[in-house]
Amino acid sequence: LAGVVGTLINAGAIGVAGILARTRLPELPPRTQKRLQLVLGALTLALGFHVLWRAAQDGTRSGLRTAGLAVVAFVLGRWTGTALRLQQQFSRLGHTASLRLAIPPDPAQPRDAGSAFTAAAALFCLNPLAVLGPTAEGLGGDSRVLGLKALLDALAAFSWARAHGAGVMLGALPVLALQGTLGLGWALLRPWLAEAGGDAVVRAVTGLILLPVALVMLPVIRVRLADYLPGVVWGVILAWLVP
């Protein structure tokens, strides 16, 4: 189960939330949801710093090298993501899915489970944490990022499943496939990456990217989060190129 524990928790949380949505359990008031988002944002900020610190301490190379390469990869990732227009692509897909789930279904019409499944799966998988979480877990066994994502997804799934039915629950399957594949992939690559200290560098980049994620959740500033994701790939490249 190395590299997939957090993903199993994430998928399970979506399923449980969908089941609870079929009961009379009330939704959290908007004010409570807002406060919970602020708490999760603060936890994400603290987690980002902790992941960065642990990566610098645990690497086989010097902590200064790890942190320095992570910062360079973070910047290069931002430039690469901007050039590839990743955030525009994520936003376009996410906006379409959000509109589908935001519109209450017509009570006179049967619920479209397929459409609800597609929209929910897109929103669950387009979250930057769907990449950062499996990376942190696969390379360092740290499931906390996916634990945060599990809670966020569960809150969303509860609301969406109440309006659109069981199709939302099936969105857990793409989450399991995508995040599980990423987590297992990183776990398999870890021995190879460790030879150049790349596992620590990539984990440090993950910690850095969590910081703007937290700022969006708090919310403090609007950031093009998807544009930073190529920094993970740059972390691998720089670890092997820089002695």
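Quick caveat: nothing in here was measured; it's all calculated off a predicted structure.

1. So, the overall build of the chain
Move 1: Tallying secondary structure elements over the chain gives 10 helices and 0 strands in all.
Move 2: For the chain, the N- to C-terminal ordering of α and β elements is α-α-α-α-α-α-α-α-α-α.
Move 3: Computed over C-alpha atoms, the radius of gyration of the chain comes to 18 Å, within 12% of the 18 Å expected from 2.2 N^0.38 for 243 residues, which places it in the range of a compact globule.
Move 4: Over its C-alpha atoms, taken along the principal directions, the chain stretches across nearly 65 × 35 × 30 Å.
Move 5: Within the chain, buried positions represent 46% of all 243 residues.
Move 6: Within the chain, counting contacts between residues at least 6 apart in sequence, those at least 24 apart form 85% of the total.
Move 7: Within the structure as shown, the chain displays about 11,900 Å² of accessible surface, and the carbon and sulfur contribution to it stands at 70%.

2. With respect to the environment of Ala226
Move 1: Looking at the secondary structure, you find Ala226 in the loop between α9 (198-217) and α10 (231-241).
Move 2: Overall, Ala226 belongs to the buried group, its relative accessible area being 1%.
Move 3: In this structure, the C-alpha to C-alpha distance between Ala226 and Leu188, residues 38 residues apart in sequence, is 25 Å.

3. Section: a nonpolar patch on the surface
Move 1: On the surface, Val233, Ile237, Leu241 and Val242 cluster together into a nonpolar patch covering about 340 Å² of accessible area.
Move 2: As for its placement among the helices and strands, Ile237 is situated in helix α10.
Move 3: The exposure class of Ile237 is partly exposed, given its relative accessible area of 34%.

4. Notes on the environment of Arg224
Move 1: Relative to the assigned elements, Arg224 resides in the loop between α9 and α10.
Move 2: Assessed through its relative accessible area of 41%, Arg224 is described here as partly exposed.
Move 3: Sequence separation between Arg224 and Gln88 is 136 residues, and the spatial gap between their C-alpha atoms is 8.7 Å.
Move 4: For Arg224, the residues in contact, after removing those within four places along its chain, are Arg78, Gln87 and Gln88.

5. Describing the packing of helix α2 (residues 30-58) against helix α7 (residues 144-164)
Move 1: Contact pair α2 / α7: the axes reach a minimum separation of 10 Å and the direction vectors enclose 165 degrees. Regarding the angle of α2 to α7, the classification is roughly antiparallel. Seen from above, α2 lies across α7 with left-handed handedness. Of the residues in α7, those in contact with Leu36, Leu40, Leu43, Thr44, Leu47 and His50 of α2 are Arg144, Val145, Leu148, Leu151, Leu152 and Leu155.
Move 2: Residues of the contact of α2 with α7, tallied by class, amount to 9 nonpolar, 2 polar and 1 charged.

6. A word on the layout of surface pockets
Move 1: The calculated volume of the largest pocket comes to roughly 1,500 Å³.
Move 2: Forming the walls of the largest pocket are 43 residues, and the residues nearest its centre are Gln37, Leu123, Asn127, Leu152 and Trp160.
Move 3: Of all elements in the fold, only α1 (5-21), α2, α4 (86-102), α5 (113-125), α7 and α9 reach the threshold of two or more residues within the lining of the largest pocket.
Move 4: Element by element, the count of residues in the lining of the largest pocket is highest for α7, at 8 residues.
Move 5: Here the lining of the largest pocket is composed, by residue class, of 29 nonpolar, 9 polar and 5 charged.

Calculation criteria
- Residues numbered from 1 in each chain as written.
- Predicted model: local features only at pLDDT ≥ 70, side-chain atom pairs only at ≥ 80, totals over all residues.
- Heavy atoms only, no water.
- Helix = DSSP H or I, 4+ residues; strand = E, 2+ residues; numbered from the N terminus.
- Rg over C-alpha atoms; globule rule 2.2 N^0.38 Å.
- Buried < 20%, exposed > 50% of the residue type's maximum accessible area, 1.4 Å probe, protein only.
- Contact = heavy atoms within 4.5 Å.
- Areas by Shrake-Rupley, 256 points an atom, 1.4 Å probe, with all protein chains shown as cover.
- Patch = residues over 30% accessible without salt bridge, like charges linked within 9 Å, V, L, I, M, F, W, Y side chains within 5 Å.
- Salt bridge = Lys/Arg side-chain N within 4 Å of Asp/Glu carboxyl O.
- Axes fitted to C-alpha atoms, helices over the stretch in contact; angles between N-to-C directions.
- Parallel < 35°, antiparallel > 145°, perpendicular 65-115°, else oblique.
- Left-handed = near helix turned anticlockwise from the far one by under 90°.
- Nonpolar A, V, L, I, M, F, W, Y, C, P; charged D, E, K, R; others polar.
- 1 Å grid on protein atoms, 1.4 Å probe; cavity = no way out; pocket = protein on both sides within 12 Å on 5 of 7 lines; lining within 4 Å.
- Points joined across faces, edges and corners; volume = space filled by probe spheres on them.

So, to be careful, I would describe these as geometric facts and stop short of saying anything about function.
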